[in-house]
Amino acid sequence: MERIRSHIDTKGKTFKDYAAHNAQVLSEFHEKQRASRFERPQRDLDRLAKQNKLFVRDRLDLLLDPGTPFLELSSLAANQAYGGEVPGAAMVNGIGIVSGREVLVMASDSSVKGGALYPLSVAKSVRALDIAIENRLPVVHLTDSAGAFLPMQSEIFPDKYDGGRVFRNQAMLSKMGVPQVAVVLGHGTAGGAYIPALSDYAVIVRGTGGIFLGGPPLVKAATGEDVTADELGGCDVHTQISGTADYPAESEADGIRQAREIVALFPKAEKSVIDWEEPEDPFYDPKELYGIIPDDIKKQFDMREVIARMVDGSRFHEYQPAYGTTLVCGYARIWGYKVGILGNNGVLFNDSAKKAAHFMQLCDRDRVPLVFLQNITGFMIGKDYERDGITKDGAKMIMVQAGVDVPKFTVLVNGSFGAGNYGMAGRAWDPRFLFTWPNSQISVMGAEQAAKTLTMLKVAQLAKQGKQLSPEEIAAIQTPIYEEYSRQSSAYYATSELWDDGIIDPVDTRNALGISISASLNAPIERRPGGVMRF
Amino acid sequence: MNRIFEIGGERHEISPYGNSELLPMDDGPSWLLHGGSSHRIWMARDGDRIFVRLNGRTFEIEEIDPRSTAKDGAAADDTAKAPMPGTVISVEVKAGQTVRDGEVLMTIESMKLQTQITAWRDGEVEAVHLAPGDEFDRGAPLVGLKGEDA
Amino acid sequence: MGKITKVLIANRGEIALRIIRTLDGLNIASVAVYHALDADAPHVAAAGEAVEIIGDTPVGAYLDSTQILQIAWETGADAIHPGYGFLSENAEFAEAAEAAGVTFIGPKAETIRLMGDKIASREFVEQNGFPIAPSVTLGDDKEAFKQATKKIGFPLLLKASAGGGGKGMQIVETTKDLDGKIALAASEAERAFGDGTLYAEKLIECPRHIEVQVLGDGKGGVIHLGERECSIQRRFQKVIEEAPAPGLEDGLRKRIHETAVGIAKAAKYRNAGTVEFILGADGAFYFLEMNTRLQVEHPVTEEITGLDLVAEQIVLAETGKLAHKQKDIAFGGHAIEARLYAEDADNGFLPATGPLLVFKDPEGDGLRFDGGVAEGMEVSSAFDPMLAKLTAFGADRDQAIERLLKALEQTVCLGVATNIDFLARAVAHPAFRAGGYDTGFIAAHADELQPEPIGEDALEILLTAARLSGKGPIAPPPAAPEPYASIGEWRN
């Protein structure tokens, strides 16, 4: 494969301006992430210490193989909800290596509200288990949760994708033959009790671990019975008498060590085989991405330059380079895996939509996973385009994209607006993993355009009633709309709402994708019969 | 869990991971590829005892079970253990008896050599584990003195 | 007397194998006896026939004269070679063999009896005008004995009357230790030789252990085959021996030879034997004891004389005549023998046991390896810990030393602790290279003979090798798959 020839002037003003701007953006992102991961009220940390409990990230250090990577998912979940008091939605999920095995780890963060489950915590759990199901990843649960945050129970309990879905997913994993191990490091009350019960293997720590459908206060209230947590559902009760848990552990370290042994005995992964070669580092420095991404969402850049800083050897085989040029298609390798990349270089026209559909068929037939790099404002609109069937061609692209059997991976590189998000495998289209960059924005249309449009409608409405508005009054209507829109289209809002699997630093994209692709291969890839249609 | 090896009376803890390689040759020795160079060694392992001959010197290494290191501390110092396999010739003391530092507790024989096990401090005999005529292996507990804090 | 056609070797280990080697060369059939623990020993396979012996203890089996004579009768052996140790100096056994019509390849029973009694032998030597070291015997009167020891002076040496090889021997520094040491020595002697009688002897300063190999025809005809130096000892057991003794002034050497021959003549010694002396720093030498058998260290004599001592023994047993005259014996070159023991030389030479996982003997010019064990055998505490003897011969002493050092480096024994490394350090030590050392060598240079501390680099190699030697109690998990292994430690 040939190396992309870059045309970026890394010494030019544009590059330097963008780099300076993005340095800010990234530093803001890293600080937000750091605070979300580590800043806790002292009394919460003291409480943990008094309970003899380890901080969740220390538990992860004990669990994961030393010298291996860990891809954390949705680290900034709930960062814009609940007054910012539930960082990470009180849990740490991610993909890593335990005893040489690729697993999904779901760990309660009991330093946040005792690990209580908020609505977004449930969403984050369900999403993690959906990832486990889609990719057939074994799961290690490190449970230490105070249980559901009762005041918000109506958003936690009853609906299809609420709390019950967590347990339904666990049951489905078991049915699919995907193993799970749970280490009970705190009280698993009510729903929480089902996590170890629905896992194939359960380790429980003496003294701190507990499994009970109703905790001591509830039991006292319901039946008048006086009982301690340990007597009710502690380690010995469940490992010696009831058989609800399998392994007693003397300490958290002991429990996690036992979990590692258990994972070592999981059935060996049977991974799908796709085209793979010895990896090569990108030729161009990934850090140059900071100087390529513009400082304004309206400014254009060449997606090939982004690709060049992400793929093995910066090599890219472009497909149909002269046709449908607003969509870049081609083959490349990421950490050795051959993938088909689709990246936006402008709005989607008829030809680019058709080209995308054609290319995706090729990849699907040849078992080549698809990587979507989104920077899209939408499909082209206008009379000529409608006559040419832009809606029809967009539907072709969506139909093919939705129907491929190869795994899809999406990165929101800059803008993700409107139906372009759909064609380019947005969240609703089940990419196995979807990551965003901190500068990205996502909404049905751009904030400025939306604010203008809505303001225009309001002005027209008032005009019918005979009211004329001054520029200041117009601004007074427009600005709040614009700000609200901006807020709700920022990457931080999106990630807070679990619309993605996490904001990542652009230079980390290659590793994140490498791990994601590897993880996805734990599930089989169907061989699709049929030829490729040239649309 | 780290691996623990004892060499020359000192314990060393090392990571279980690493990318060195051991290539055994047909005629007996092996090549150890480590840190960019290769070393010719002879090595054999029996249970948890590992013997290595490196640069004309023979080393005996014992792999220690990492799970046992934490708990064993207490009893070790108060019991005399057999330095090598042999037979008990005579026992000079019994449980409950007060002994002085240096007092002969028992006599053992191995390879036609007799050794006297003497008290390593003043104290009270807690237990005599063997009787005259009993055979024992290396490391077998022979006589225990009551712990000092007891 | 008469042609020997089949020899039963009443022994085990390296000496049994070595004897069979000579027998094969002379076309004489061999019968080995072995205890179950020795079933895989090389001498069993090497012999023409092998018969299992049983006993309350493994050693006991090899000491069971009745059983062994029975086997000699059953297999039609017309001679028995007793090797060294075990029954070799058991006069009753020698007599029983002769009575049964089986030639005992060794001296007459009465000579064995005489020289086997340390007290009687010393008296005999003294009466015949040869020098002995001042000593006193422990009879029934312990108090008188203790008084007499004061005359000898401290430090003194308590020794077993009934046997040697370091067993039943104790050094006594002061009168305070005397009682305890007497008890210990007597007990050990009782167990090793069945006789707890002791005598006390002056501890000579800077003593050298010099011994002379003799051959006698039993009628007063005796020749010597030169002396050996056996001063490198630990626990009174020889570790390194050489021939000829380095740095001996010619006149002194001659006198020692003549004394040895004189003693053997006086005893009308028959077959092979060794007269042992203690040589003091002042040049005075004293009779220590006579060993009425072939000795462990006989190879060094064979190397410098070119003779096969076992063959000489057989000729003497068959013909009753010495095959050589003294003037025919030519001495050339220098030989050094190192004994490989299964012991922890860095920790008080405590005997070691274990499986012989790897046992590789060295090869090279001038090397002779007498091993009695093979890879796969288990070294147990049932028998003496000597595994093998490594002898190096050279045109001169320096060459012998170089060859021995190279051989020691090549010798590999894994699975049981051995003194191989210690032997190398001892032979390389300047005091050994210079010659003129005495029996205090090992003790005097104990610190210098300690192994070097393990260097950082070596330690790293050892730990890595250990890690790769096996999985250990907690099997390490498999390595991470790709791309995780290549990505390494990374967090987003």
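Residues numbered from 1 in each chain as written. Chains lettered and ligands numbered in written order. Predicted model: local features only at pLDDT ≥ 70, side-chain atom pairs only at ≥ 80, totals over all residues. Heavy atoms only, no water.

Asks: Outline a nonpolar patch on the surface, listing residues and values.
Replies: Taken together, L23, M25, W31 and L33 of chain B make up a surface patch of nonpolar side chains, about 300 Å² in accessible area. Looking at the secondary structure, you find W31 of chain B in strand 4 (residues 30–34). (Patch = residues over 30% accessible without salt bridge, like charges linked within 9 Å, V, L, I, M, F, W, Y side chains within 5 Å. Areas by Shrake-Rupley, 256 points an atom, 1.4 Å probe, with all protein chains shown as cover. Salt bridge = Lys/Arg side-chain N within 4 Å of Asp/Glu carboxyl O. Helix = DSSP H or I, 4+ residues; strand = E, 2+ residues; numbered from the N terminus.)

Asks: Tell me about the packing of aromatic side chains, and name the residues and values.
Replies: Applying the stated criterion to the full structure yields 22 aromatic pairs over all chains. Ring plane angle 90 degrees and centroid distance 5.5 Å describe the contact between F277 of chain C and F285 of chain C, whose orientation is recorded as edge-to-face. Taken together through their ring pairs, the aromatic side chains of Y82, Y118 and F149 of chain A make up a single cluster. Cation over ring: R397 of chain C sits above F432 of chain C, and NZ or CZ is 4.8 Å from the ring centre. (Phe/Tyr/Trp six-rings, centres within 6.5 Å; stacked < 30°, edge-to-face > 60°. Lys NZ or Arg CZ within 6 Å of the ring centre and 35° of its normal.)

Asks: Quick rundown of the pairing of strand 2 (residues 29–34) of chain C? Include the residues and the values.
Replies: Residue and element names in this part refer to chain C. Among the six residues that make up strand 2, five are buried, leaving the element largely enclosed by the rest of the structure. Of the pairings in the sheet, the one linking strand 1 (residues 6–9) to strand 2 comprises four bridges and is parallel in character. The residue bridging L8 from the neighbouring strand is V31, located in strand 2. Chirality of the crossover, the property in question, places the unit of strand 1, helix 1 (residues 13–25) and strand 2 among those that are right-handed. Pairing of strand 2 with strand 3 (residues 49–52), which is carried by four bridges, proceeds in the parallel orientation. Following the sheet pairing, V31 is matched in strand 3 by E49. (Buried < 20%, exposed > 50% of the residue type's maximum accessible area, 1.4 Å probe, protein only. Pairing = 2+ DSSP bridges. Right-handed = clockwise from strand over helix to strand, strands pointing away.)

Asks: Outline empty space enclosed by the protein, listing residues and values.
Replies: Think of a ball as big as a water molecule: rolled over the atoms, this probe shows where empty space is left. Going through the model one piece at a time under the given rule, you end up with six cavities of 30 Å³ or more. Size it by volume and the largest cavity reaches roughly 100 Å³. If you go around the largest cavity, you meet 12 residues; those closest to its centre are M111 and L113 of chain B together with K167, R235 and Q237 of chain C. Its residues assigned to classes, the lining of the largest cavity comprises four nonpolar, three polar and five charged. (1 Å grid on protein atoms, 1.4 Å probe; cavity = no way out; pocket = protein on both sides within 12 Å on 5 of 7 lines; lining within 4 Å. Points joined across faces, edges and corners; volume = space filled by probe spheres on them. Nonpolar A, V, L, I, M, F, W, Y, C, P; charged D, E, K, R; others polar.)

Asks: If you had to explain the sheet that holds strand 6 (residues 135–137) of chain C to someone new, which residues and values would you point to?
Replies: Within a sheet, adjacent strands bond to each other through the backbone by hydrogen bonds, running parallel or antiparallel. Residue and element names in this part refer to chain C. If you walk across this open sheet you meet the four strands as 6-9-7-8, and the pairing is antiparallel. Whereas interior strands pair on both sides, the edge strands pair on one side only; in this sheet they are strand 6 and strand 8 (170–172). Neighbouring strand axes in the sheet, compared pairwise and without regard to direction, differ in orientation by 25 degrees on average. Of the pairings in the sheet, the one linking strand 6 to strand 9 (residues 198–202) comprises three bridges and is antiparallel in character. Each bridged residue has a counterpart across the sheet, and for V136 the counterpart in strand 9 is A200. Across the sheet, helix 8 (residues 142–152) lies against strand 6, strand 7 (156–160) and strand 9, angled at about 175 degrees from strand 6, the strand it touches most. (Axes fitted to C-alpha atoms, helices over the stretch in contact; angles between N-to-C directions. Contact = heavy atoms within 4.5 Å.)

Asks: Kindly report on the pattern of salt bridges, identifying the contributing residues and their values.
Replies: This structure, assessed with the given rule, holds 77 salt bridges over all chains. D144 of chain A is the salt-bridge partner of R59 of chain A, the closest N and O atoms lying 2.9 Å from each other. With R59 of chain A in helix 3 (residues 56–63) and D144 of chain A in the loop between strand 4 (139–143) and helix 5 (163–176), this residue pair connects regions lying 85 residues apart in the sequence. Its relative accessible area of 2% is what places D144 of chain A among the buried residues. Its salt-bridge partner being R304 of chain A, residue E318 of chain A comes within 2.8 Å of it at the nearest N-O pair. Of this pair, E318 of chain A sits in strand 10 (residues 317–319) while R304 of chain A sits in helix 12 (residues 303–308), placing them 14 residues apart in sequence. Residues joined in a network through salt bridges with shared partners are R18, R21, E302, E303, D308, R368 and D370 of chain C.

Asks: Go over the sheet that holds strand 14 (residues 285–291) of chain C with me, naming the residues and quoting the values.
Replies: All names here are of chain C. Taken together, eight strands build an open sheet; the order of strands is 14-13-10-11-12-15-22-20 and the sheet is antiparallel. The open sheet has two edge strands with one neighbour each: strand 14 and strand 20 (367–371). Averaged over neighbouring strand pairs, the angle between their axes works out to 25 degrees when direction is ignored. Here strand 15 (residues 334–341) runs beside strand 22 (residues 386–394); their pairing, made up of eight bridges, is antiparallel. What sits directly across from I336, in strand 22, is A392.

Asks: Tell me about the interface of chain C and chain B, and name the residues and values.
Replies: Every contact between the two is made by 56 residues of chain C and, on the other side, 54 residues of chain B. D421 of chain C is the salt-bridge partner of R53 of chain B, the closest N and O atoms lying 2.9 Å from each other. Viewed at the interface, chain B and chain C are joined by 15 residue pairs in polar contact (both at pLDDT 80 or more). Among the secondary structure elements, those contributing two or more residues to the side of chain C that touches chain B are helix 9 (175–193), strand 17 (350–351), strand 18 (354–355), strand 19 (358–360), helix 13 (397–410), strand 23 (412–414), helix 14 (420–428) and helix 17 (456–469) of chain C. Here the side of chain C that touches chain B takes 12 residues from helix 17 of chain C, the largest share from any one element. (Polar contact = N/O pair within 3.5 Å; in protein donor to acceptor, adjacent residues only side chain to side chain.)

Asks: Pulling in residues and values, what's your account of the confidence of the model for chain C?
Replies: Model confidence for chain C is summarised by a mean pLDDT of 92, while 100% of its residues fall at 70 or above. Taken together, the chains of this predicted complex give a pTM of 0.74 and an interface ipTM of 0.89. (pLDDT = per-residue confidence, 0-100.)

Asks: An account of the interface of chain A and chain C is needed here, citing residue identities and associated values.
Replies: Contact residues are listed per partner, giving 28 residues for chain A and 16 residues for chain C. The contact between chain A and chain C buries some 1900 Å² in all, and 60% of this surface belongs to carbon and sulfur atoms. The tally of links between chain A and chain C comes to zero salt bridges. Counting across the chain A and chain C interface gives six residue pairs in polar contact (both at pLDDT 80 or more). Residue assignment for the side of chain A that touches chain C shows that the elements contributing at least two residues are helix 1 (13–38), strand 1 (70–73), strand 2 (91–98), helix 10 (252–264) and helix 20 (509–520) of chain A. The residue inventory of the side of chain A that touches chain C, partitioned by class, reads 12 nonpolar, eight polar and eight charged. (Buried area = accessible area lost by both parts, 1.4 Å probe.)

Asks: Report on the packing of helix 17 (residues 447–464) of chain A against helix 18 (residues 471–489) of chain A, specifying residues and quantitative values.
Replies: Geometrically, a packed helix pair is captured by the angle between its two axes and the distance between the axes. Residue and element names in this part refer to chain A. With their axes 8 Å apart at the nearest point, helix 17 and helix 18 run at an angle of 145 degrees to one another. In this structure, helix 17 meets helix 18 at a crossing whose hand is right-handed. Along its contact with helix 17, which presents A447, E448, A450, A451, K452, L454, T455, K458 and V459, the element helix 18 presents I474, I477, Q478, I481, Y482, Y485 and S486. Tallied by class, residues from the contact of helix 17 with helix 18 come to 10 nonpolar, three polar and three charged. (Left-handed = near helix turned anticlockwise from the far one by under 90°.)

Asks: Got a sec to walk through the packing of helix 6 (residues 109–116) of chain C against helix 7 (residues 118–127) of chain C? Specific residues and values, please.
Replies: Residues and elements named next belong to chain C. Contact geometry for helix 6 and helix 7: axes closest at 5 Å, N-to-C directions at 95 degrees. Comparing their axes, helix 7 and helix 6 come out roughly perpendicular. Contacts between helix 6 and helix 7 involve L114, M115 and G116 from the former and K118, A120, S121 and F124 from the latter. Considered class by class, the residues forming the contact of helix 6 with helix 7 number four nonpolar, two polar and one charged. (Parallel < 35°, antiparallel > 145°, perpendicular 65-115°, else oblique.)

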